[in-house]
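# Working through the structure, step by step
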Amino acid sequence: MNPRKLFTLTDSQKQTYQIQPDEFPGFTWSDSVEEYEVPPYIPKTTLRFWYNTQKGAFSTHWHDAQEIIVPLEEDFSVTVQNVPYHLKPGDILLIPPGELHSIAAPSSGSRFIFLLELNFFSQFGDFLRTRALLSAPVLITADTCPEIYEAEISLIMQTAAHYWGPSPSKLLLIYACLMNFYAQYTDYRTGGAAAAVRNASHYRPGMPSEKIVRLLEYLQHHYSENITLEEAARQTALSKFYFTRIFKQQTGQTFYDYLSFLRIQAAESYLKDTSVPVADIAAACGYANVSSFNRTFRKYRECSPSEYRSFYGHG
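I will try to describe carefully the structure that is included in this document. Keep in mind that this is a model prediction, so the values were computed, not measured.

### Regarding the overall build of the chain
In terms of helices and strands, the chain carries 13 helices and 9 strands. Relative to the compact-globule value of 20 Å for 315 residues, the chain shows a C-alpha radius of gyration of 21 Å, a close match. Going through the 315 residues of the chain one by one, you find that 48% of them count as buried. Long-range contacts, defined as pairs at least 24 residues apart, comprise 73% of the intrachain contacts of the chain with a sequence gap of at least 6. When the accessible area of the chain is evaluated, it comes to approximately 15200 Å², of which 53% is carbon and sulfur surface. Separation between the mean location of the 27 positive side-chain charges and that of the 32 negative ones in the chain comes to 6 Å.

The following block contains the structure:
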């Protein structure tokens with residue numbers, strides 16, 4: 001599978017995609033000496049896409065944006081949190097916001113690099129499950145996701161075409177493609193697409209997937225509280241064992257891993273945007289003590305909260 005015709009650019013597209021829609025002069029990663037990178041988003045948006053032909057390595061860095069990398073010509077090597085990914089043309093790698101990563105580009109070839117913040121999508125309740133699935137790197141290839149690969153790579157190519165296209169509604173078209181892209185992956189991972197077909201005539205409100213979404217909405221506002229697995233199961237009116245299985249199916253994580261993800265995400269905002277002491281941040285995010293907070297934060301970010309803060313100039 002993985003037919004090249006799905007992601008092969010014409011000579012005209014290659015020429016057009018070299019020029020940014022706002023005529024942004026360009027951005028060379030090797031010029032950046034800081035680990036933390038502020039993406040040069042298109043004005044009044046939180047996205048920037050690149051048709052990249054840069055040679056050499058992009059040093060270790062991280063940012064608040066999700067990064068989507070799609071090699072078009074030649075293989076591409078990416079390391080995310082010390083885990084290597086060897087990408088072949090047509091593979092799609094999604095790197096979560098905040099993850100340290102580096103890129104070893106070949107001496108020739110091209111690839112798409114999409115940078116976008118996920119806050120726009122987070123206003124939709126259904127995206128809570130998607131956001132959980134995107135908290136770890138995602139690799140979509142013809143081998144790993146054969147049922148959705150053709151649709152997903154086609155949506156990536158459509159998104160690029162809109163980005164460099166002439167439509168005055170290009171942002172609407174871009175976000176429509178991306179929402180479809182995320183929805184396809186979410187349904188694939190949670191079994192939603194197949195279940196919808198099987199159970200369309202038997203659907204009723206209050207099914208397990210709906211209960212999980214309502215719980216995710218609750219956790220968005222109550223992550224700092226001492227919520228146990230047993231209490232979460234009670235809120236969904238599911239048995240503990242059934243809840244454990246359904247929650248993992250719908251989010252890709254265990255309940256406690258997801259709760260930690262929400263707490264660390266909140267801690268990152270405190271560390272970046274305020275000068276609140278680390279001990280107070282730990283308490284505000286639901287940790288009984290600083291040691292537990294430091295240990296969990298380092299597990300997810302491979303640095304201490306103080307080191308993380310120093311990247312933003314609050315240290």
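There is more to say after this.
### Looking at the packing of aromatic side chains
Taken as a whole, this structure holds 28 aromatic pairs when the rule is applied. Relative to F124, the ring of F120 lies with its centre 6.2 Å away and its plane at 75 degrees, an arrangement referred to as edge-to-face. Measuring from ring centre to ring centre gives 4.6 Å for Y163 and W164, while their planes differ by 80 degrees; the resulting arrangement is edge-to-face. Here Y163 and W164 have matching classes, each one buried. Among the aromatic side chains, those forming a connected cluster through ring pairs are Y17, F49, Y51, F112, F114, Y163 and W164. Over the ring of F24 we find R48; its NZ or CZ atom is 4.4 Å from the centre of that ring.

### Details of unusual backbone geometry
Of note, the phi angle at Q81 is positive, near 50 degrees, even though the residue is not glycine. Secondary-structure assignment places Q81 in the loop between β4 (76-80) and β5 (83-87). Although it is not a glycine, A237 adopts a positive phi angle of roughly 60 degrees. On the accessibility criterion, A237 (60% relative accessible area) is exposed.

### Concerning the pairing of strand β6 (residues 92-95)
Side chains of β6 alternate between two faces, with I92 and L94 and L93 and I95 buried alike. Here strand β3 (residues 66-73) pairs with β6 via 3 bridges, running antiparallel. Note on β6: the bridge partner recorded for I68 is L94. Pairing geometry for β6 and strand β9 (residues 138-140), over 3 bridges, is antiparallel. Among the inter-strand pairings, L94 is bridged to a residue of β9, identified as V138.

### Some thoughts on the sheet that holds strand β7 (residues 101-104)
If you trace the 4 strands from one edge of the open sheet to the other, you get β2-β7-β4-β5, paired in antiparallel fashion. The open sheet terminates on both sides in strands that have one partner only, identified here as β2 (57-61) and β5. Adjacent strand axes in the sheet meet at a mean angle of 15 degrees, parallel and antiparallel pairs treated alike. Bridging between β4 and β5 involves 5 bridges; their strand directions are antiparallel.

### Details of the pairing of strand β8 (residues 110-116)
Buried residues dominate β8, accounting for 7 of its 7 residues. Burial along β8 is two-sided: S110, F112, F114 and L116 and R111, I113 and L115, pointing in opposite directions, are all buried. Relative to β8, β3 runs antiparallel, the two being bridged by 7 bridges. Residue pairing in the sheet places I69 in a bridge with I113 of β8.

### Points about the packing of helix α7 (residues 208-222) against helix α10 (residues 255-273)
Interaxial distance between α7 and α10 falls to 10 Å at its minimum, and their mutual angle equals 40 degrees. Viewed along their axes, α7 and α10 adopt a mutual orientation that is oblique. Our pair here, α7 against α10, has a crossing hand that is right-handed. Along its contact with α7, which presents L216, L219 and Q220, the element α10 presents F255, Y258, L259 and L262.

### A short note on the environment of L72
Secondary-structure assignment places L72 in strand β3. Taking the C-alpha atoms as reference points, L72 and R214, 142 residues apart in sequence, are found 40 Å from one another. Excluding anything up to four places from it in sequence, L72 contacts R4, F7, L9, Y51, P89, S110, R111 and F112.

### A word on a nonpolar patch on the surface
A cluster of nonpolar residues, F120, F124 and M179, forms a patch on the protein surface that exposes about 230 Å² of accessible area. By the secondary structure assignment, F120 is in helix α2 (residues 119-122). Taking the relative accessible area as the measure of exposure, F120 reaches 30% and is therefore partly exposed.

Rules and cut-offs
Residues numbered from 1 in each chain as written. Predicted model: local features only at pLDDT ≥ 70, side-chain atom pairs only at ≥ 80, totals over all residues. Heavy atoms only, no water. Helix = DSSP H or I, 4+ residues; strand = E, 2+ residues; numbered from the N terminus. Rg over C-alpha atoms; globule rule 2.2 N^0.38 Å. Buried < 20%, exposed > 50% of the residue type's maximum accessible area, 1.4 Å probe, protein only. Contact = heavy atoms within 4.5 Å. Areas by Shrake-Rupley, 256 points an atom, 1.4 Å probe, with all protein chains shown as cover. Lys, Arg positive; Asp, Glu negative; His and termini not counted. Charge placed at Lys NZ, Arg CZ, Asp CG, Glu CD. Phe/Tyr/Trp six-rings, centres within 6.5 Å; stacked < 30°, edge-to-face > 60°. Lys NZ or Arg CZ within 6 Å of the ring centre and 35° of its normal. Pairing = 2+ DSSP bridges. Axes fitted to C-alpha atoms, helices over the stretch in contact; angles between N-to-C directions. Parallel < 35°, antiparallel > 145°, perpendicular 65-115°, else oblique. Left-handed = near helix turned anticlockwise from the far one by under 90°. Patch = residues over 30% accessible without salt bridge, like charges linked within 9 Å, V, L, I, M, F, W, Y side chains within 5 Å. Salt bridge = Lys/Arg side-chain N within 4 Å of Asp/Glu carboxyl O.

Everything listed is a geometric property; what it means functionally is a separate question.
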